[in-house]
Amino acid sequence: MTARVAFVTGGTGGIGTAICRELANQGNRVVTNYRNEEKALAWQAAQKAAGFDMAIVPGDVSDVASSAAMVRQVESDVGAVDILVNNAGITRDTTFHKMSALQWQEVMRTNLDSCFNVTRQVIEGMRARKWGRVLQISSINGQKGQYGQANYAASKAGMHGFSISLAQENAKFGITVNTISPGYVGTDMVMAVPEEVRAKIVAQIPVGRLGDPDEIAYAVAFLAADKAAWITGANLAINGGHYMGW
Ligand code: NDP
């Protein structure tokens, strides 16, 4: 079987790196984007040293033209995208009554507009080839809301509305579209939270600990596999029992 091309946005981040590695472990050719070349080259070298051959292309997912150029470069450097993981994301936390328009817009553009900007570039090719996997990395806070995160929760909830519509439109073309909603994962971002605040978060998690990036990556690889062909429009919550919905 020829290796598939997996494009992971924000692949240089905490969860993104684990996703890139797991998709590579499954035999895919993995590529991610970057905004800072120096940082990305250092990341690529670190992956190489760990035995992973990752491709990198420049691109800002919050910008339509940049996303188009980014995907064209993936196609010319690596090949047409078979698996897309919309993982790049940011927070700009503050209570809503203090939130600026910029804090709202930056989060919506990066987390939600990016789903249009990047997926729009790959979906026609997937439909033509009759195979594709599109995955949105949403968040527990899109499901349950979070104090100080009206912008982030709205963007993350929007990602699943996007998934379930695209899932319906593309099911007949061998394309599945799903959402993964991680709970609190022990990335640099979460580990930077003061220890006493983190302890309060952990106290709310039935499993009794933060998640590991590999536990998110494992689910991405599962949904990206051939055998997951009948799972579409699903939202997979991975949160140690922190929020249980159905
Ligand atoms: P990181 O901050 O570690 O990584 C985010 C990645 O996104 C970085 O590679 C960053 O690149 C990239 N990125 C941000 N903005 C843009 C942009 N405009 N264009 C291109 N790339 C961009 O985050 P995590 O790994 O922790 O999170 C990954 C995803 O998982 C996010 O969507 C997040 O919301 C979600 N999530 C995380 C949780 C957690 O506990 N960590 C919990 C639930 C969901 P750069 O280095 O250039 O900034």
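Up top you'll find the structure we're talking about.
Draft legend 1. Spotlight on helix α1 (residues 14-25). End to end, α1 covers 17 Å across 12 residues, agreeing with the expected 16 Å (1.5 Å per residue, within 8%). Three or more residues of α1 are buried, namely Ile15, Gly16, Thr17, Ala18, Ile19, Cys20, Glu22 and Leu23. Among the structural elements, β1 (5-8), β2 (29-34), α2 (37-49), β4 (83-86), β5 (132-137) and α9 (213-224) are those in contact with the buried residues of α1. Positive backbone phi, approximately 95 degrees, marks Gly27, located one or two places after α1.

Draft legend 2. Structural view of the sheet that holds strand β6 (residues 175-182). Across the sheet, seven strands lie side by side as β3-β2-β1-β4-β5-β6-β7; this open sheet has parallel pairing. Every other strand in the sheet has two partners, leaving β3 (55-58) and β7 (235-238) as the edge strands with one partner each. The mean inter-strand angle of the sheet, taken between neighbouring strand axes irrespective of direction, is 20 degrees. Here helix α4 (residues 101-129) sits on the sheet in contact with β1, β4, β5 and β6, set at roughly 170 degrees to β4.

Draft legend 3. Layout of the site of the ligand. The ligand sits among 30 residues. The nearest are Ile15, Arg35, Lys39, Asn87 and Tyr152. In this structure, Gly10 approaches the ligand through a main-chain N or O atom, which is 3.3 Å from an oxygen atom. Asn33 places a polar side-chain atom, nitrogen or oxygen, 3.2 Å from a nitrogen atom of the ligand. Within the complex, the protein chains bury 87% of what would otherwise be the 900 Å² of accessible surface of the ligand. Broken down by secondary-structure element, the contributors of at least two residues to the shell around the ligand are α1, α6 (150-170) and α7 (188-191). Per element, the largest residue contribution to the shell around the ligand is three residues, and it comes from α1. Its residues placed into classes, the shell around the ligand shows 11 nonpolar, 15 polar and four charged.

Draft legend 4. Main features of helix α3 (residues 64-77). In this model α3 runs 20 Å from its N-terminal to its C-terminal C-alpha over 14 residues, within 8% of the 20 Å that 1.5 Å per residue would give. Every buried residue belonging to α3 is among Ser67, Met70, Val71 and Val74, and all of these are buried. Projected down its long axis, α3 carries its buried residues within an arc of 95 degrees, all on one side. Within α3, the exposed residues directed more than 90 degrees away from the buried face are Ala65 and Ser76. Against β1, β2, β3 and α4 lie the buried residues of α3. Backbone nitrogen of Ala65 and a side-chain oxygen of the N-cap are separated by 3.2 Å at the start of α3; the cap is Asp63.

Draft legend 5. Representation of unusual backbone geometry. Residues other than glycine seldom take positive phi values, yet Lys130 does so here, at roughly 60 degrees. Relative to the assigned elements, Lys130 resides in the loop between α4 and β5.

Cut-offs applied
- Residues numbered from 1 in each chain as written.
- Predicted model: local features only at pLDDT ≥ 70, side-chain atom pairs only at ≥ 80, totals over all residues.
- Heavy atoms only, no water.
- Helix = DSSP H or I, 4+ residues; strand = E, 2+ residues; numbered from the N terminus.
- Expected span 1.5 Å × (residues − 1).
- Buried < 20%, exposed > 50% of the residue type's maximum accessible area, 1.4 Å probe, protein only.
- Contact = heavy atoms within 4.5 Å.
- Pairing = 2+ DSSP bridges.
- Axes fitted to C-alpha atoms, helices over the stretch in contact; angles between N-to-C directions.
- Near = heavy atom within 4 Å.
- Polar contact = N/O pair within 3.5 Å; in protein donor to acceptor, adjacent residues only side chain to side chain.
- Areas by Shrake-Rupley, 256 points an atom, 1.4 Å probe, with all protein chains shown as cover.
- Nonpolar A, V, L, I, M, F, W, Y, C, P; charged D, E, K, R; others polar.
- Arc of directions from axis to C-beta.

Worth remembering: the numbers are spatial, not functional.
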